[in-house]
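Working through the structure, step by step
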Amino acid sequence: MIRSVITATGAGLPERIVKNEELFAMLGVDDAWIYKRSGIHERRIAVDENTSGLAIRAAEDTLKKAGKTAEEIDMILTSTCTPDYQTPNLANQVQKGIGAKNAVCLSISAACSGFIFAMSVADKYIKTGTVKNVLLVSAEILSKATDWSDKGTCILFGDGAAAVLLERRDTDKGGILSEELGSRGDKAEVLTHGYFPAASAFNDTPPMEAKDNYIFMDGLEVFSFATKRLTASIKAVAEKEGIALDDIKYIVPHQANSRIIDFVAKKLEQPIEKFYLNLERFGNTSSASIPIALNEMNEKGLLSAGDRIMLSGFGGGLAWGTMLIEWV
Amino acid sequence: MAFETIQDIIANRTDIDRDDITSDTDLRKDLGVDSLDLFQIMTDVEDEFGIDIDSPGDLRTVQDLVDLAEA
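Residues numbered from 1 in each chain as written. Chains lettered and ligands numbered in written order. Predicted model: local features only at pLDDT ≥ 70, side-chain atom pairs only at ≥ 80, totals over all residues. Heavy atoms only, no water.

**Regarding empty space enclosed by the protein**
In this approach the atoms are scanned with a rolling probe the size of a water molecule, which exposes any empty space left behind. This is how the line gets drawn: Cavities and pockets were defined on a 1 Å grid built over protein atoms only: a cavity is a set of grid points that admits a 1.4 Å probe from which the probe cannot escape, a pocket is an open set flanked by protein on both sides within 12 Å along at least five of seven lines, and lining residues are those with an atom within 4 Å of any such point. Grid points are joined across faces, edges and corners, and a volume is the space filled by probe spheres set on the points. Only runs of H or I of at least four residues qualify as helices and only runs of E of at least two qualify as strands under DSSP, and these elements are numbered from the N terminus. The residue classification treats Ala, Val, Leu, Ile, Met, Phe, Trp, Tyr, Cys and Pro as nonpolar and Asp, Glu, Lys and Arg as charged. All others, Gly included, are polar.
Per the counting criterion, the structure on display carries one cavity of 30 Å³ or more. Estimates place the volume of the largest cavity at around 40 Å³. Forming the boundary of the largest cavity are A:Leu220, B:Leu27, B:Leu38, B:Ile41, B:Met42, B:Leu59 and B:Leu65. Of all the elements, helix H2 (residues 35-49) of chain B adds the most residues to the lining of the largest cavity, at three residues. For the lining of the largest cavity, the residue count by class is seven nonpolar, no polar and no charged.

**Considerations on unusual backbone geometry**
Residues and elements named next belong to chain A. Backbone torsion omega between Thr87 and Pro88 reads 10°, so that peptide bond is classified as cis. Within the fold, Pro88 resides in the loop between strand E4 (75-79) and helix H4 (90-98). Between Gly317 and Leu318 the backbone carries a cis peptide bond, its omega angle lying at -15°. Checked against the element boundaries, Leu318 lands in the loop between strand E12 (308-315) and strand E13 (319-326). Although it is not a glycine, Ala111 adopts a positive phi angle of roughly 50°.

**Let's talk about the nonpolar core**
Basically, it comes down to this: To form a nonpolar core, buried Ala, Val, Leu, Ile, Met, Phe, Trp, Tyr and Cys residues must be joined to one another through side-chain atoms within 4.5 Å. Each residue is assigned to one of three classes by its accessible area relative to the maximum for its type, calculated with a 1.4 Å probe on protein chains only: buried under 20%, partly exposed between the two thresholds, exposed over 50%. Note on contacts: a residue pair is in contact if any heavy atoms of the two residues lie within 4.5 Å.
Of all hydrophobic cores here, the largest spans 63 residues; its most connected members are A:Ile260 and A:Met310. Counting residues per element, the ones that place at least two in this core are helix H1 (20-27), helix H6 (219-241), helix H7 (258-268), E12 and E13 of chain A together with helix H1 (2-13), H2 and helix H3 (62-70) of chain B. Considering each element in turn, this core owes the most residues, nine residues, to H6(A). In contact with A:Ile260, other than residues within four places in its own chain, are A:Phe223, A:Ala226, A:Thr227, A:Leu230 and A:Phe314. Counting 32 residues, the second largest nonpolar core, distinct from the first, contains A:Ala110, A:Leu136, A:Leu166 and A:Ala319.

**Looking at the domain arrangement of chain A**
Residue and element names in this part refer to chain A. Heads up, the condition is: Segment limits for the domains were obtained from an automatic or database-derived domain assignment. By definition, the buried area sums, over both parts, the 1.4 Å-probe accessible area that each loses when the two are put together. For this document, the term salt bridge refers to a Lys or Arg side-chain nitrogen within 4 Å of an Asp or Glu carboxyl oxygen. Identification of polar contacts relies on pairs of N or O atoms within 3.5 Å, with a donor-acceptor requirement for protein atoms, meaning one able to donate a hydrogen and the other able to accept it, and with residues adjacent in sequence counted only if both atoms are side-chain atoms.
One can read the domain layout of chain A as domain 1 (2-172) and domain 2 (176-326). Averaged C-alpha coordinates put domain 1 and domain 2 at centres separated by 14 Å. Across the contact, 54 residues belong to domain 1 and 46 residues belong to domain 2. Across the interface of domain 1 and domain 2, roughly 3800 Å² is buried in total on both sides, 61% from carbon and sulfur atoms. Its salt-bridge partner being Lys65, residue Glu299 comes within 2.8 Å of it at the nearest N-O pair. Linking domain 1 to domain 2 there are 21 residue pairs in polar contact (both at pLDDT 80 or more).

**Brief notes about the sheet that holds strand E6 (residues 133-141) of chain A**
Residue and element names in this part refer to chain A. Going by this rule: For two strands to count as paired, DSSP must find a minimum of two bridges between them. Axis geometry follows a simple rule: fit a line to the C-alpha atoms, using only the stretch in contact for helices, then measure angles between N-to-C directions, giving values from 0 to 180 degrees.
Pairing within the open sheet is mixed, and its five strands lie in the order E1-E7-E6-E4-E5. The open sheet has two free edges, formed respectively by strand E1 (2-12) and strand E5 (104-108), since each of these has just one partner strand. Adjacent strand axes in the sheet meet at a mean angle of 20° when their direction is disregarded. Here 10 bridges tie E1 to strand E7 (residues 159-170), and the two strands are oriented antiparallel to one another. Each residue of the ladder has a partner; that of Thr9, found in E7, is Val164. Where helix H9 (residues 289-299) meets the sheet, it contacts E1, E6 and E7, and its direction lies at approximately 70° from that of E7.

Below, the structure is given as structure tokens:
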């Protein structure tokens, strides 16, 4: 059976750490206030490189760990909602940065669910025999999309990138086992960022204000969607695969807010320890949050062959995606 | 009946006295809670009345919650 298997992980993280204490002078809220609302103590902030810089570092780290050269990569797939440019897409920039001259490049925009959607696309390219491997990089700089005067949102986000190498294997063990993805376009306006109006020399559209480009979130709608979808999607994938949640070693959710994860853990009647969380140190890094967590788990030696891991993303779109993988 | 139950739910999740909660109480302006606390209130109402609130962003007042609970 042809399967897509994660054979290496890597990350590219900004060195600058911004602790909640540092935000006090700017926002007038302390560590306790921020932590109670989010579960976040600190986040990484990119100060001297853009999204592509983080993405290239994540790609290089992954290739090094995989023992592969850039020329061996068939496809570079990126996910981001905070790219350097609208065009070229981020994947082309990664191609240039690492010298992967034989790769075809594509970038996917699915906000915080981006990593899962990109994994799903990569899986199809591999299973159809189109490519033998995919270097999948999720990279975000949310700090450039954030209104730093709005304490309701700016405390939540951070920057970072991480990558996985997916390879084609003829095996009956490991790799991507099952998925469930979905979208609620009717809720598109409850979480937005980066609006570009039709404005040209031929219409009267007034110039856009800078604030129009910042992240806007209707918290109540987003929390309601996130908790319900995360719970239902994880259950759906387990049922599809015919396994109990107790058979899953880890659930790696999009690291949005600890209160969402706490709520879902209770609804699923699973111990919170089963959910791998690092948002306390990274904040919400949108599509990069799941691979950053996965790479951290891998580096810590937490993952063993045969472990079943549920990855679940949710966010802007609105969109969600859950994927069951088996570690090799 | 639904109103009294919702009064209890809100009083339990906030610092507001039960008797100060009226049908006109604005969920966002008058309760002094953030959106996650409001979400908890909404979830309590969903569980209590066995309903699914698909568009919580449209809710404005306590009466809106009562109307959904009694629908």
